[in-house]
Amino acid sequence: MKIGPVKEVFKNLFKKPMTVMFPQEVVEIPERNRGEHHLDIDECISCGACARICPNRAIMMVEVPPELKEKYPKTYPQVDLGKCCFCALCEDVCPKGAITLTTYFFLATFEKDTTIKEPIIIE
Ligand code: SF4
Ligand code: SF4
(Lines give C-alpha, C1' and ligand atoms only; values in the text may rest on other atoms or scores of the structure.)
(Ligands and ions follow the chains in the order given, each with its own letter.)
Protein backbone atom coordinates (compact mmCIF):
# COMPACT_ATOMS: atom_id res chain seq x y z
CA MET A 1 0.00 0.00 0.00
CA LYS A 2 1.27 3.43 -0.90
CA ILE A 3 1.69 5.75 2.09
CA GLY A 4 2.04 8.97 0.04
CA PRO A 5 -1.65 9.85 -0.51
CA VAL A 6 -2.64 9.03 3.10
CA LYS A 7 0.15 11.21 4.41
CA GLU A 8 -1.03 13.98 2.09
CA VAL A 9 -4.62 13.71 3.37
CA PHE A 10 -3.52 14.01 7.00
CA LYS A 11 -1.22 16.90 6.17
CA ASN A 12 -4.09 18.85 4.60
CA LEU A 13 -6.77 17.84 7.09
CA PHE A 14 -5.80 20.54 9.56
CA LYS A 15 -4.76 23.25 7.11
CA LYS A 16 -6.90 26.34 6.48
CA PRO A 17 -8.91 25.77 3.26
CA MET A 18 -7.83 27.65 0.14
CA THR A 19 -11.48 28.22 -0.85
CA VAL A 20 -14.20 30.37 0.78
CA MET A 21 -17.95 29.88 1.23
CA PHE A 22 -18.99 32.21 -1.59
CA PRO A 23 -21.29 34.22 -1.66
CA GLN A 24 -21.50 34.40 2.17
CA GLU A 25 -17.75 34.90 2.27
CA VAL A 26 -15.83 36.94 -0.28
CA VAL A 27 -12.08 37.09 -0.70
CA GLU A 28 -10.45 40.47 -0.36
CA ILE A 29 -10.01 42.03 -3.79
CA PRO A 30 -6.57 43.53 -4.43
CA GLU A 31 -6.64 47.30 -4.80
CA ARG A 32 -5.23 47.11 -8.33
CA ASN A 33 -7.70 44.51 -9.59
CA ARG A 34 -9.15 45.56 -12.94
CA GLY A 35 -12.92 45.36 -12.90
CA GLU A 36 -15.85 47.38 -14.20
CA HIS A 37 -15.14 50.86 -15.55
CA HIS A 38 -16.19 54.10 -13.94
CA LEU A 39 -16.58 57.27 -15.95
CA ASP A 40 -16.48 60.68 -14.35
CA ILE A 41 -18.40 62.39 -17.14
CA ASP A 42 -17.80 65.84 -15.67
CA GLU A 43 -14.05 65.34 -16.10
CA CYS A 44 -14.31 63.82 -19.59
CA ILE A 45 -13.27 66.19 -22.42
CA SER A 46 -14.58 63.88 -25.17
CA CYS A 47 -11.15 63.54 -26.78
CA GLY A 48 -11.85 59.91 -27.75
CA ALA A 49 -8.33 58.73 -26.83
CA CYS A 50 -9.76 55.85 -24.80
CA ALA A 51 -11.81 54.62 -27.75
CA ARG A 52 -8.87 54.90 -30.16
CA ILE A 53 -6.42 52.98 -27.99
CA CYS A 54 -8.82 50.15 -27.06
CA PRO A 55 -7.39 46.99 -28.67
CA ASN A 56 -10.78 45.24 -28.62
CA ARG A 57 -12.82 48.15 -29.96
CA ALA A 58 -14.89 47.92 -26.79
CA ILE A 59 -15.38 51.69 -26.50
CA MET A 60 -17.68 53.77 -28.67
CA MET A 61 -18.09 57.50 -28.33
CA VAL A 62 -21.83 58.12 -28.02
CA GLU A 63 -24.24 60.93 -27.32
CA VAL A 64 -26.12 61.06 -24.03
CA PRO A 65 -29.96 60.93 -23.90
CA PRO A 66 -31.70 64.10 -25.21
CA GLU A 67 -32.72 65.33 -21.75
CA LEU A 68 -29.04 65.52 -20.75
CA LYS A 69 -27.65 66.91 -23.99
CA GLU A 70 -27.71 70.50 -22.79
CA LYS A 71 -25.35 69.67 -19.94
CA TYR A 72 -23.29 67.12 -21.89
CA PRO A 73 -23.36 68.23 -25.54
CA LYS A 74 -20.44 66.14 -26.84
CA THR A 75 -19.87 62.39 -27.20
CA TYR A 76 -18.70 60.20 -24.31
CA PRO A 77 -17.29 56.69 -23.97
CA GLN A 78 -19.69 53.78 -23.85
CA VAL A 79 -17.92 50.57 -22.81
CA ASP A 80 -19.01 47.11 -23.91
CA LEU A 81 -17.77 44.90 -21.09
CA GLY A 82 -18.48 41.86 -23.23
CA LYS A 83 -15.66 42.88 -25.57
CA CYS A 84 -13.30 44.29 -22.94
CA CYS A 85 -10.16 42.36 -21.90
CA PHE A 86 -9.55 44.68 -18.91
CA CYS A 87 -6.12 45.78 -20.12
CA ALA A 88 -6.70 49.28 -18.64
CA LEU A 89 -5.13 51.06 -21.63
CA CYS A 90 -8.17 53.36 -21.67
CA GLU A 91 -7.42 54.38 -18.10
CA ASP A 92 -3.71 54.84 -18.82
CA VAL A 93 -4.27 57.06 -21.85
CA CYS A 94 -7.02 59.29 -20.46
CA PRO A 95 -5.51 62.78 -20.03
CA LYS A 96 -8.07 63.73 -17.38
CA GLY A 97 -8.27 60.56 -15.30
CA ALA A 98 -11.95 60.46 -16.22
CA ILE A 99 -12.17 56.73 -16.99
CA THR A 100 -10.92 54.26 -14.40
CA LEU A 101 -11.24 50.56 -13.77
CA THR A 102 -12.79 49.76 -10.40
CA THR A 103 -12.35 46.58 -8.36
CA TYR A 104 -15.98 45.54 -9.05
CA PHE A 105 -15.94 42.20 -10.83
CA PHE A 106 -19.41 40.68 -10.45
CA LEU A 107 -20.08 41.06 -14.15
CA ALA A 108 -21.47 37.69 -15.22
CA THR A 109 -24.83 38.04 -16.93
CA PHE A 110 -27.30 36.09 -19.08
CA GLU A 111 -28.47 39.30 -20.81
CA LYS A 112 -26.08 40.33 -23.58
CA ASP A 113 -27.36 43.93 -23.62
CA THR A 114 -26.41 44.45 -19.98
CA THR A 115 -22.70 44.25 -20.84
CA ILE A 116 -22.94 47.70 -22.39
CA LYS A 117 -22.14 50.48 -19.97
CA GLU A 118 -23.66 53.79 -21.02
CA PRO A 119 -21.77 56.99 -20.15
CA ILE A 120 -24.69 58.04 -17.97
CA ILE A 121 -26.99 55.57 -16.28
CA ILE A 122 -30.43 57.06 -15.74
CA GLU A 123 -31.86 55.72 -12.48
S1 SF4 B 1 -9.75 48.00 -20.45
FE2 SF4 B 1 -8.72 47.68 -22.44
S3 SF4 B 1 -10.14 46.42 -23.62
FE4 SF4 B 1 -11.29 47.25 -21.89
S5 SF4 B 1 -12.24 49.11 -22.68
FE6 SF4 B 1 -10.29 49.70 -21.75
S7 SF4 B 1 -8.81 49.69 -23.43
FE8 SF4 B 1 -10.61 48.53 -24.12
S1 SF4 C 1 -12.66 59.28 -20.81
FE2 SF4 C 1 -10.69 60.34 -20.99
S3 SF4 C 1 -9.75 59.55 -22.85
FE4 SF4 C 1 -11.91 58.98 -22.92
S5 SF4 C 1 -12.88 60.63 -24.08
FE6 SF4 C 1 -13.04 61.18 -21.91
S7 SF4 C 1 -11.24 62.43 -21.49
FE8 SF4 C 1 -10.85 61.39 -23.44
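Residues numbered from 1 in each chain as written. Chains lettered and ligands numbered in written order. Predicted model: local features only at pLDDT ≥ 70, side-chain atom pairs only at ≥ 80, totals over all residues. Heavy atoms only, no water.

Q: What is the right way to read the site of ligand 2 from this model?
A: Near ligand 2 lie 14 residues; those nearest to it are Cys44, Cys47, Gly48, Cys50 and Cys94. Assessed atom by atom at 2 Å from the grid points, ligand 2 resides in the largest cavity. Class assignment for the residues of the shell around ligand 2 results in twelve nonpolar, two polar and no charged. (Near = heavy atom within 4 Å. 1 Å grid on protein atoms, 1.4 Å probe; cavity = no way out; pocket = protein on both sides within 12 Å on 5 of 7 lines; lining within 4 Å. Sits in = over half its atoms within 2 Å of the grid points. Nonpolar A, V, L, I, M, F, W, Y, C, P; charged D, E, K, R; others polar.)

Q: Explain the sheet that holds strand 5 (residues 116-117) to me, please; I cannot follow it from the model alone.
A: Working definition: the strands of a sheet are paired by backbone hydrogen bonds and lie parallel or antiparallel to each other. Pairing is antiparallel in the open sheet, where three strands are placed in the order 2-3-5. Edge positions in the open sheet fall to strand 2 (59-63) and strand 5, since each of these has one partner strand only. Bridge analysis of strand 2 against strand 3 (residues 75-80) gives five bridges, and the strand direction is antiparallel. Its bridge partner being in strand 3, Met60 is matched across the sheet by Gln78. (Pairing = 2+ DSSP bridges. Helix = DSSP H or I, 4+ residues; strand = E, 2+ residues; numbered from the N terminus.)

Q: Even after reading the chapter, I still don't get the side chain of Glu36, so can you show me in this structure?
A: In this fold, Glu36 is placed in the loop between helix 1 (4-13) and strand 1 (37-39). By relative accessible area, which is 19% here, Glu36 ends up buried. Other than its neighbours up to four places away in sequence, Glu36 contacts Leu81, Phe86, Thr100, Leu101, Thr102, Tyr104, Leu107 and Lys117. (Buried < 20%, exposed > 50% of the residue type's maximum accessible area, 1.4 Å probe, protein only. Contact = heavy atoms within 4.5 Å.)

Q: Help me understand the site of ligand 1 in this model?
A: In the vicinity of ligand 1, the contacting residues are His37, Cys54, Pro55, Ile59, Cys84, Cys85, Phe86, Cys87, Ala88 and Cys90. Its atoms largely coinciding with the cavity grid, ligand 1 occupies the second largest cavity. A per-class count over the shell around ligand 1 returns nine nonpolar, one polar and no charged.

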